[in-house]
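# Per-entry structural report
Listed here are the chains, written in short residue letters.
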Amino acid sequence: MIAGLEGVDCFLDDFIVYSVNKEQHDRNLEKLFSRIQEYGFHLRPEKCSCYKSEIRYLGFIINADGIKPDPEKVASIVKMPQPKDVSELRSFLGAANFYGKFVREIHRIRQPLDALLKKDSQFVWSAQCQEAFDTIKKVLQSDLLLTHYNPSLELIVAGDASKTGVGAVIMHRFPNNQLKAIAHASKTLTNTEQKYSQVEKEALALVFAVTKFRRMLLGRKFTLQTDHQPLLKIFGSKKGIPLHTANRLQRWALSLLGYDFNVEYVSTDNFGYADVLSRLISNHQKPEEEYIIAAIGLEDEVNAGLAECFTSLPVNFRMVSAATKKDAILQQVVQLINDGWHRKVEDPKLKIFHARRESLSVVNGCVMMEERVVVPEKYSQRILKQLHRGHQGIERMKAIARSVVYWPNIDNDIQDLVRRCDICASAAKSPPHFQSQPWPRADGPWQRIHLDYAGPLDGMYYLVIVDSYSKWPEIFQTRSTTASITIRFLQESFARFGIPTTIITDNGTQFCSSEFKKVCDELGIIHIRTAPYHPQSNGQAERFVDTMKRSLRKIVEGEEVPSLKALQTFLQVYRSTPSAALAGKSPAEEMLGRPMRTTLDLLRSPVFTNTSNQLRPRFKAGSAVYAKLYSNANKWKWIPGTVIEVIGGVNYNVLLDYQSGRRKLVRSHVNQLRQRFNEAVKPLPVPTPLDILVDDFQLTQSSIQQTIAPSG
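Description of the structure in this document.

Cut-offs and rules
- Residues numbered from 1 in each chain as written.
- Predicted model: local features only at pLDDT ≥ 70, side-chain atom pairs only at ≥ 80, totals over all residues.
- Heavy atoms only, no water.
- Helix = DSSP H or I, 4+ residues; strand = E, 2+ residues; numbered from the N terminus.
- Buried < 20%, exposed > 50% of the residue type's maximum accessible area, 1.4 Å probe, protein only.
- Areas by Shrake-Rupley, 256 points an atom, 1.4 Å probe, with all protein chains shown as cover.
- Pairing = 2+ DSSP bridges.
- Phe/Tyr/Trp six-rings, centres within 6.5 Å; stacked < 30°, edge-to-face > 60°.
- Axes fitted to C-alpha atoms, helices over the stretch in contact; angles between N-to-C directions.
- Left-handed = near helix turned anticlockwise from the far one by under 90°.
- Contact = heavy atoms within 4.5 Å.
- Nonpolar A, V, L, I, M, F, W, Y, C, P; charged D, E, K, R; others polar.
- Parallel < 35°, antiparallel > 145°, perpendicular 65-115°, else oblique.
- Polar contact = N/O pair within 3.5 Å; in protein donor to acceptor, adjacent residues only side chain to side chain.
- Core = buried A, V, L, I, M, F, W, Y, C linked by side-chain atoms within 4.5 Å.

All right, on to the overall build of the protein then. Scanning the protein from terminus to terminus reveals 26 helices and 25 strands. Across the 712 residues of the protein, 43% fall into the buried class. Carbon and sulfur atoms form 51% of the exposed surface of the protein, whose accessible area is close to 40,600 Å².

For strand E15 (residues 448–457), the tally of buried residues reaches 7 of 10 residues, placing the bulk of the element in the interior. Across 3 bridges, the pairing between E15 and strand E18 (residues 502–505) is parallel. Bridging across to E18, His-450 finds its partner in Ile-504. Pairing geometry for E15 and strand E16 (residues 460–467), over 7 bridges, is antiparallel. The partner of Leu-457 across the bridge, within E16, is Met-460. Linking E15 to E16, which pair antiparallel, is a turn of 2 residues; within it Asp-458 sits at a positive phi near 55°.

This part is about the packing of aromatic side chains. Two numbers describe a pair of aromatic rings. These are the distance of the centres and the angle of the planes. Within the structure shown, the criterion is met by 13 aromatic pairs. Centroid distance Phe-92 to Phe-133: 4.6 Å. Interplanar angle 50°. Geometry classified as tilted. Linking Phe-92 in helix H3 (residues 86–97) with Phe-133 in helix H6 (residues 127–140), this pair joins segments that are 41 residues apart in sequence. The same class applies to Phe-92 as to Phe-133, namely buried.

Once that is clear, we can look at the sheet that holds strand E4 (residues 60–63). Strand order in the open sheet formed by 3 strands is E3-E4-E5, and the pairing between neighbours is antiparallel. The sheet is open, and its two edges are formed by strand E3 (54–57) and strand E5 (67–69), each paired on a single side. Direction aside, the axes of adjacent strands within the sheet are offset by 25° on average. Sheet analysis places E3 next to E4, joined by 4 bridges and oriented antiparallel. Each residue of the ladder has a partner; that of Glu-54, found in E4, is Asn-63.

All right, on to the packing of helix H17 (residues 394–401) against helix H18 (residues 410–420) then. In a packed pair of helices, the relevant descriptors are the angle between the two axes and the axis-to-axis distance. Relative orientation of the contacting elements H17 and H18 amounts to 145°, with a least axis distance of 9 Å. Helix-helix and strand crossings are classified by hand; for H17 and H18 the assignment is right-handed. In this structure, H17 uses Ile-394, Met-397, Lys-398 and Ala-401 to contact H18, whose residues at the interface are Ile-410, Asp-411, Ile-414, Gln-415, Leu-417, Val-418 and Arg-419. Taken together, the residues of the contact of H17 with H18 sort by class into 7 nonpolar, 1 polar and 3 charged.

Next up on the list: the pairing of strand E9 (residues 221–226). Buried residues dominate E9, accounting for 5 of its 6 residues. Direction of pairing for strand E6 (residues 154–161) relative to E9: parallel, over a ladder of 4 bridges. Each bridged residue has a counterpart across the sheet, and for Ala-158 the counterpart in E9 is Gln-225. Of the pairings in the sheet, the one linking E9 to strand E10 (residues 260–265) comprises 6 bridges and is parallel in character. Within the sheet, the bridge partner assigned to Leu-224 lies in E10 and is Val-263.

In the contact formed by helix H20 (residues 483–497) and helix H22 (residues 514–523), the axes pass within 9 Å of each other and the chain directions differ by 25°. By the angle class used here, H20 and H22 are roughly parallel. On H22, the residues touching Ala-483, Ser-484, Thr-486, Ile-487, Leu-490 and Phe-494 of H20 are Glu-515, Phe-516, Val-519 and Leu-523. Class assignment of the residues belonging to the contact of H20 with H22 gives a composition of 7 nonpolar, 2 polar and 1 charged.

All right, on to the side chain of His-527 then. With respect to the element layout, His-527 can be found in strand E19 (residues 526–529). Among the polar contacts listed, one links the side chain of His-527 to the side chain of Thr-505, at a separation of 2.8 Å.

The next subject is the nonpolar core. Membership of the largest hydrophobic core comes to 38 residues, with the highest contact counts inside it found for Phe-353, Ile-383, Leu-387, Val-405 and Leu-603. Per element, the largest residue contribution to this core is 5 residues, and it comes from helix H14 (residues 328–339). Once residues within four sequence positions are removed from consideration, Leu-603 is found in contact with Val-315, Asn-316, Phe-317, Val-320, Val-373, Ile-383, Val-404 and Val-405. In terms of nonpolar packing, the next biggest core, distinct from the first, is built from 30 residues, Ala-183, Leu-189, Ala-205 and Val-210 among them.

Taken by themselves, the reported measurements are silent on function.
Here's what the structure looks like:
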């Protein structure tokens, strides 16, 4: 709702409006109030607070000097009792870490507490734990303050490492040469990272700092400070990355090439930036006991809920990582990746990975083949079920799998699954009877769209809209197929994607109505109706209707879900699946410029103009032809006639010798015409306007003039 408004942000329904002066503030408020009124919402005056120089917002105090923790929220943390088990300790650390960006290297303070959270660690509350517990509370009660980010001021980023963690800070250097912190960040090193050499730990600290604050650094010139001088030769060399540098450091150095910075060495004595922890706050309002109890019990409730529903969740990278550690073959692959593929491989299962060794790596315990996650055998069938959720065909399943997952013989497993699927077999489509001539692809998204109605299916109709360029589908479920309902759905699509240039439909009554024609004329849309009794002319929509019907039937029968949910499942799967017709891209990539996120993306470890080919008409104006004249849907006969106008590459306006002395003007598809070679057939005489019976379709003024008055 507030998109595009200057100086306005919100969290859910909690708005914050900020400005540099009262005049600008008045403008920002007025625009916000107008937008709220436009959307039909109301505000309660008693909940509004205007023209304040300092506010409480989302647990923080914000004023012109910067941002600091809300004393009331800090007081609730300070009042938390000593943890008695791991669950209560996690609750305390989670609450304290909310203000972690205010405290430099908080990981050093909480290190004794983090040790209690390690797997197989016995929970013993020592004197060091009590000291860390008290220190965290004391620090949070200090006068913590961070300055506001200002793009016009000089930026400095510093990273430092210890044996157990890394810390980072981003600062502004003000014109008076004073340094003020914008944010702090830190993290505890994993067991593997703690085994790094010191130079690697220091390098990791810099990479962590730049990655953590990347949103404030991209496109900006900044200074990167370190107290480890050897890093200047790796990250600060103007001659490139030294060849003798370890592979890990080379990768990190390459990851920083996208940033514009200078590396600066600062001695360790001058590297300890002040924490700004001087004045203590003594007077705080006591929190309610219920608040503290909720904070302590929240972790248990969340974990219990996750444990209960874990079996219904899709496979994610944590599950793959855990299964990889128990898979004998993948553990050998991990060892070979880490140690190098030096020894000879005899095991046939390992030879498959040996052939792909150049593209293998290990990320967060998961084996990766380039961007694809290598799935342990334990989860292969479960992943296959995810891939086949929309009951797609073999090639579509392979297209999705090749961008996300891999295991040996995955293509054969996909092929076997689809061939054994009874639901897919029962809904398989028949092969086409003849080769239809396709419409040329549009020059861009949402320029030419194809419309058709499907149904009734279980008492419901479906308006299908397919974009010619991207194959992006829009489907609307309805019980009525009137022109007004159709127009309403179209206007909803137009509001989302804009007004197309051309609409292709069949000759349904809703598309032939004056109401539909009026809307097309008002919006400047060219409406083309295909030849009667030839649905193949609208093949884009017709093929998609067939695909939709079969997919919905398979989804409903296979998972017993409501039709509306099945429709959303089908749309999500179809829009996100790469297509050979789009050069391996999905409709979402062509339409939206980005791939859609699906549950298959959980397998990845989280990381913070075409020219249309013109159709060549087979006949031309003046050609003598025979055309099919239909008496009803199943009966027709050949009638001699003359082509008077070419419509596109496959449609023609034909003047038929309908009855003695009477003529009939019809729209015919090229498949409904054949050439007339009999010389005994005389050219048709030019009729008068009253002699012509015209079918219900558009005819250009020039064609009418050429037909009834060729001599002028």
